[in-house]
Amino acid sequence: MTRRCPLGIIHNDNPGGAFPAVSLRATMNLVRSLFGISFFIFIFSNNMVHGQEGPLPGTKLLPEDDYAKKMVQVIRADLLKETDKVKQATHQRWLAAVGIPNELPNYIAQQRAALRHSLGMIDPLIESLRIELVGTLEQPALWHQGPDYSVYHIRWEYLPGVYGRGLLLEPKGKVVANAICLPDAGTAPEVAAGLVLPGEHESAFGIPLATAGVRVFIPELINRDDQFSGSTLVNRWTNQPHREFIYRMAYEMGRHVIGYELQSILALVRYCQAKDPTLSMNVVGIGEGGHLALFAGAIDEQIRHTMVVGSFGDQTKRWQQPIDRNIWALHQIANSSALGFLCIHGKAPRTLAIQQAPTRTATFPLPVKPQRSAGGAPGKLEPIPAEEYAAQVEQLQALVRAGGKEQSITALPANDTTFDEIIIRTDNASLKLANTAMPKPLATIPSSAAERQQLLVQDQIAFTQRAWRNSDAVRQAQFDPLLKHLQPASRNDAAYQQGIEQARSFFWEEVIGKIPLAPAGTNVEASSRLWKETPRWTGYEIQLRTSGEIFAYGILLLPKNLKPKERRPVVVCQHGLEGTAQVVCDPELPSTPYRAQGAQLADLGYIVFSPQNPYIGKDDFRVLQRMANPLKRSLFSYIIYQHDIILRWLKLGANVDAKRIGFYGLSYGGKTAMRVPAVLPDYCLSICSADFNEWIGKNVSLGLRSSYMFTGEYEMPEFQLGQTFNYAEMAYLIAPRPFMVERGHDDGVGIDEMVAYEYAKVRRYYARLQKPDATRIEFFDGGHVIHGKGTFEFLAQHLQWPTKK
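Residues numbered from 1 in each chain as written. Predicted model: local features only at pLDDT ≥ 70, side-chain atom pairs only at ≥ 80, totals over all residues. Heavy atoms only, no water.

Hey, could you run me through the packing of helix α6 (residues 242-252) against helix α7 (residues 257-275) in this one?
When two helices pack together, their arrangement is given by the angle between the helix axes and the distance between those axes. Orientation of α6 relative to α7, taken along the N-to-C sense of each, is 100 degrees, at an axis distance of 8 Å. Judged by the angle between their axes, α6 and α7 are roughly perpendicular. Contact residues: Arg243, Ile246, Tyr247 and Ala250 in α6; Val257, Ile258, Tyr260 and Glu261 in α7. Grouping the constituent residues of the contact of α6 with α7 by class yields six nonpolar, no polar and two charged. (Axes fitted to C-alpha atoms, helices over the stretch in contact; angles between N-to-C directions. Helix = DSSP H or I, 4+ residues; strand = E, 2+ residues; numbered from the N terminus. Parallel < 35°, antiparallel > 145°, perpendicular 65-115°, else oblique. Contact = heavy atoms within 4.5 Å. Nonpolar A, V, L, I, M, F, W, Y, C, P; charged D, E, K, R; others polar.)

Now the structure itself:
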C-alpha cells in the first residue's frame, strides 16, 4: 500500500519492496546515509504528517511485538554468546601464556592479583595470628582424646573482630605435615573429623590423617540455612541463606563471603608456615570446601598440595548456582583449568589432585518460614556432570603439558558415593589414605555448634557493616585531590578535568562494566509505528540499532506546533522497575506514579523520548545481572549502550537542539539518572526522582527497614560500589551539568535524613565548582511519584524553555 504526503514522498508500507519515488530532500538524506549520517535526520520536521498510520519518514515500519520482553531475551542471548566467547578466549590466553616461560611469572602474578580483587580479599590479615582454644566449664576446649591424637575446639582472628572457628586434630607423636580440611557448607567439623556419623554425601577425613601424623585444621564454613539472616534492629528476617545474606552486603563493599573464608584459610596457612616452614602445607576440600580449596591453592604458593573433590567444573555456569557464587570478572581471569594450573605453579614443587564425586543438592530460594519475608535468589546446587568434569580435566592437561608439569597432576577416578582417597603431601612423599579406616563414631555434634555458626555469621556481618560506615572517608579520599585543584590559590581546571575523566573511565570500566560503543559516524537504523495521538502531540514507537542484535526501543512524542528549522530541547523520561515506555507517556493513565510525565512535558512543547529499559520480567531480567557480572558487565552496561544509540539518533533530528537533551527518571529510572548521565556527557542535565539516597546504606544497612538486604531485588548489589561511588560521587561525574533530586517525604525507598545527608555533599561540590545554582533538591508531601513542580521549573530554567503550555 502506498500513499502520498505533503512532503512529496510516496511511502511504501512494505519496507522490503521497491524503492519509492522520493523528493530531492529525501534523496539528499539517502546520499548522506552512505557517509554514515542517518537518512532520517528530518523526521522532526514540521512538514511531517501527524497521525499517519505508517512509520515516520525515513524509517522502516516497526512490526507489532512485545519489545520490552524481546529486549530482555536479546540481552540474554548476547550474554550467552559472550560467555562462550570469553570462555574459549580465556583458555587460549592461558595456553599462550604458559608457552612463554620468561613472561609467565609476571602474567600469573597479575592474574592472582586480579583474582584476589574479584574475590574481595582487599583487607590485610592480622599480623600476629594466634590459635585460641575455645571452651567452657560445661564443654572444655579439649573435646576428645584418641589413641594417637587430641581434638580441640579452636578459633583464630584473621581480620579485626572476625574469627575463623572449627576443630584442631593434633597428633600426639611427630607431625609429618599440615592439612586444612574443608568440608562442604553445612557439614559440621565434627562430622568431617570422623567423630560423628556422616550423612549422605558427607565425608570424614580428619581422624585418618591425624592418626598418620598430620596436624589437621577443620574450619566450619558459613552454611545455607537462614536462621540468622535478618536484623534485630528493625525486626526483619528473610529466607536468604546465610551465604547469600553476607554476599549481598559484602559484594557492594568490594568484599565477598568467599573472600572472607579464603582469608580465614590463608591465615591458617601463614600460621603453619610460621610455626614450622619445613612441614608441607596441604588444603583438601569437598563440595563448597573443594570450591574454596581450588581458589586457595591458586592464590597462595605456600600451599604445597591442593585436593579438590566434587568442585572441578565449568565456572561459566555460576549464574545457575546459588548467588553467593557470583564473582565479578571471573570469566576474564581464569576457568577451572587455569585455576588448577595456578595450584601447581610456584618456585617449590606443588601438586594438585582432583576427583569427581557427588555433593549435596539443593534448590533455592528456601521455603519462607513464619515471620520471615521472601527475597532469596533462585539457584541450584547440583553435582558436576561427568562430561563437564572431563572437559575441564582435558583443558587442564593441555596447560600442564604446555608448562612441562605433567607429574604434578593426579586425576582420581570418579566415585559414586563420596571421595575414597585422601592425598597429602609430606616433606618427601605423598601420603595416600583410603577414606575407609574410620573408627566408630564416638559422639554427637555438641550443643555449641549452632552458636559457632551464629558467631561466624555475625562476625562477617559486623565487619561488613563497619566497612560501610567507614566507606564515606574512603570515597572522599579518592576525590579530595581533585577538589584541591579547584581551590582559588592553586586552581588548575585542566588537571581537575583530567582527574574527572579518569574517574569517569574507572566508573564505567571497573564498576559498571563497559561494552564498546559503536564507532563515531556509525549509521543508526530506525523503525517506527504510530502509537498515540492527542491534540498537542503525536506519539510513535521507535526501535533503534547500530550493529548486532542489541537494540534500543521507546516512545517518541512530537509536539504538533514545531516550526520549520526550530531547535527544541528534548527530555528523556525513564520509567522504573517493571515499567514500560508507554506508561510514562500515556495521559489516560494519570494514576500511575509517573503521572503521565512524558505527556505533560510534550504538552508543554518539549520533544520527549521515553526509552524502554530491560529491568522488566522479574527473574527473567534479574538473572541477566548474574550472567553479566563474571564477564565484567552489568545490566547498566547494556543500558548505557542503548542510551548511546538513543542519543546519537536524537542529535540528528532536524528539530532537536543537541546541546539541550535532558534526563528525568523515576525509581529504577532514577538509578539510571545517576549512572547513565555520569558516563554519557551528551545528557546536558539529570533529574533523579524517587531514588536518590545514601545508596550504599540502602543496599547494606541492617538498620533501615527499606534496605535491599530484606527484599527480593537480589540484582541490586554492584561490586565494590561502596568503596568507589555513592550517589554523591556519581553526581560529581555529572557536574557541572545541572543536577536535581526530587524527593517525596513519604517515599518508602528511603528516609529524608539519609537523602539530605547524601545530597549535602552534592550541594557542597557544586559550590566548590562555583555552580551553586546548577543543583537543587525538592522535598514534597507525597510518596513514590513524579511531583512535577520544581523539576519542571528546573527543566524550563536549564533547557531554556517556557513553563506555560
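On we go from here.
How should the confidence of the model for the chain be read in this particular structure?
On average, residues of the chain score 91 in pLDDT, and 92% of them are at 70 or above. When the criterion is pLDDT under 50, residues 1-52 qualifies, and its contacts beyond four places in sequence or with other chains add up to 108 contacts. (pLDDT = per-residue confidence, 0-100.)

How should the environment of Pro124 be read in this particular structure?
Positionally, Pro124 belongs in the loop between α3 (104-118) and β4 (132-133). Given the relative accessible area of 65%, Pro124 is considered exposed. Taking the C-alpha atoms as reference points, Pro124 and Ser527, 403 residues apart in sequence, are found 55 Å from one another. If near-sequence neighbours (up to four positions away) are discounted, Pro124 is found in contact with Tyr158 and Leu159. (Buried < 20%, exposed > 50% of the residue type's maximum accessible area, 1.4 Å probe, protein only.)

What is the right way to look at the side chain of Glu220 in this model?
Within the fold, Glu220 resides in the loop between β9 (214-219) and β10 (230-231). A polar contact is formed between the side chain of Glu220 and the side chain of Arg452, at a distance of 2.3 Å. Not counting the four nearest positions on each side in its chain, Glu220 is found in contact with Arg165, Gly166, Pro189, Ala449, Arg452, Gln453 and Leu456. (Polar contact = N/O pair within 3.5 Å; in protein donor to acceptor, adjacent residues only side chain to side chain.)

Just to check I follow, could you spell out the pattern of salt bridges for this structure?
Oppositely charged side chains can form a pair if their charged atoms are brought close together. One pass over the full model with this rule turns up 45 salt bridges. Residue Arg130 pairs with Glu132 through a salt bridge whose shortest N-O separation is 3.2 Å. Here Arg130 falls in the exposed class, since its relative accessible area comes to 58%. For Asp493, the salt bridge is made with Arg491, and the minimal N-O distance between the two is 3.0 Å. Three or more residues joined by partner-sharing salt bridges are found here, namely Arg224, Arg243, Glu261, Glu288, Asp324 and Arg325. (Salt bridge = Lys/Arg side-chain N within 4 Å of Asp/Glu carboxyl O.)

For this particular structure, what's the right way to read the packing of aromatic side chains?
The relative placement of two aromatic rings is captured by the distance of their centres and the angle of their planes. If you walk through the whole model with that rule in mind, you get 26 aromatic pairs. Note on Phe479 and Phe725: the rings are 5.9 Å apart at their centroids and 80 degrees apart in plane angle, and the pair reads as edge-to-face. Taken together, the positions of Phe479 in helix α12 (residues 449-484) and Phe725 in the loop between α20 (721-724) and α21 (727-734) put the pair 246 residues apart, joining distant regions of the chain. Summarising the burial analysis for this pair, Phe479 and Phe725 share the class buried. Relative to Trp537, the ring of Trp531 has its centre 6.4 Å away and its plane inclined at 10 degrees; by these criteria the two rings are stacked. Comparing Trp531 with Trp537 shows no difference in burial state: the two are buried. Positioned above the aromatic ring of Tyr668 is the side chain of Lys671, whose terminal nitrogen or guanidinium carbon lies 5.1 Å from the ring centre. Against the face of Phe636 rests Arg675, its NZ or CZ located 5.2 Å from the ring centre. (Phe/Tyr/Trp six-rings, centres within 6.5 Å; stacked < 30°, edge-to-face > 60°. Lys NZ or Arg CZ within 6 Å of the ring centre and 35° of its normal.)

How do you make sense of the nonpolar core when you look at a structure like this?
It is characteristic of soluble globular proteins that their nonpolar side chains tend to be buried jointly. Counting residues in hydrophobic clusters, the biggest one holds 213 residues, and the most contacted among them are Leu262, Phe507, Leu601, Tyr606, Phe692 and Phe739. Not counting the four nearest positions on each side in its chain, Phe692 is found in contact with Met674, Tyr727, Phe739, Val741, Val755, Glu758, Tyr759 and Val762. Within the second largest apolar cluster, 29 residues are counted, among which are Val284, Ile286, Val309 and Ile423. (Core = buried A, V, L, I, M, F, W, Y, C linked by side-chain atoms within 4.5 Å.)

Help me out: how do you make sense of the state of the cysteines in this one?
What is meant by a disulfide is a covalent connection between two cysteines, made through their sulfur atoms. In total, this model carries zero disulfides according to the counting rule given. With no disulfide partner, Cys181 has as its closest neighbouring cysteine sulfur the one in Cys272, 11 Å distant. Sulfur of Cys343: no disulfide; nearest cysteine sulfur belongs to Cys181 and is 16 Å away. (Disulfide = S-S within 2.5 Å.)

What exactly am I supposed to notice about the sheet that holds strand β24 (residues 607-611) here?
Two modes of strand pairing occur in sheets, parallel and antiparallel, and in both the strands are linked by backbone hydrogen bonds. With mixed pairing, 10 strands are arranged side by side in an open sheet as β3-β20-β21-β22-β24-β23-β25-β26-β27-β28. Where the open sheet ends on each side, the last strands, each with one partner, are β3 (60-61) and β28 (775-780). Relative to β24, strand β23 (residues 568-574) runs parallel, the two being bridged by three bridges. Bridge pairing in β24 places Val570 opposite Ile607. Contacts from helix α22 (residues 752-768) reach β27 (739-744) and β28 within the one sheet, and its direction differs from that of β28 by about 160 degrees. (Pairing = 2+ DSSP bridges.)

Would you take a moment to explain the pairing of strand β5 (residues 142-145) for this structure?
Working note: regular strand, side chains alternate between the two faces of the sheet. Across three bridges, β5 lies against strand β6 (residues 149-159) in antiparallel orientation. Paired with His144 across the strands is Val151, a residue of β6. Connecting β5 to the antiparallel partner β6 that follows it, the hairpin turn spans three residues.

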